[in-house]
Amino acid sequence: MAAATPPDRRACRLALLDAFTAGAGLGFLAHQYREALVANSVVIGLVLVLLCALGFVLRAAARALFRAGSRVDAILAEELRDKPSPRPR
């Protein structure tokens, strides 16, 4: 097992800059469309909840598929290991 490497300072700075840029952009859009956000806050809240639920379901499905794939790989490896060679040695 490989040891985890410490995070690169430059990568951390770039991640923080990306987060700041995204936040500033969302803040600008919220300021520009304030009336629309206030008028449709229930719809926006429901959409956000549904998007979070969809993300959770997709994550669970991906994990289940990964587990199933690893089980199939283990079964195939065991079957191939137990089978005698078709050619005599």
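Residues numbered from 1 in each chain as written. Predicted model: local features only at pLDDT ≥ 70, side-chain atom pairs only at ≥ 80, totals over all residues. Heavy atoms only, no water.

Enquirer: Is there a simple way to explain the overall build of the protein in this structure?
Expert: When helices and strands are counted, the protein shows three helices and zero strands. The secondary structure elements of the protein, listed N-terminal to C-terminal, are α-α-α. Roughly 8700 Å² of accessible area belongs to the protein as shown, and the carbon and sulfur atoms make up 69% of that amount. (Helix = DSSP H or I, 4+ residues; strand = E, 2+ residues; numbered from the N terminus. Areas by Shrake-Rupley, 256 points an atom, 1.4 Å probe, with all protein chains shown as cover.)

Enquirer: Before we go on, may I ask you to explain a nonpolar patch on the surface in this structure?
Expert: Together, L26, F28, L29, Y33, L37, V43, I44, V47, L48, L51, L54 and L58 make up an exposed nonpolar region whose accessible area comes to about 1200 Å². Contributing elements (two or more residues each) for the nonpolar patch: α1 (9–32) and α3 (41–82). In terms of residue count, the dominant contributor to the nonpolar patch is α3 (seven residues). Note that V43 resides in helix α3. Judged by relative accessible area, which is 52%, V43 ranks as exposed. (Patch = residues over 30% accessible without salt bridge, like charges linked within 9 Å, V, L, I, M, F, W, Y side chains within 5 Å. Salt bridge = Lys/Arg side-chain N within 4 Å of Asp/Glu carboxyl O. Buried < 20%, exposed > 50% of the residue type's maximum accessible area, 1.4 Å probe, protein only.)

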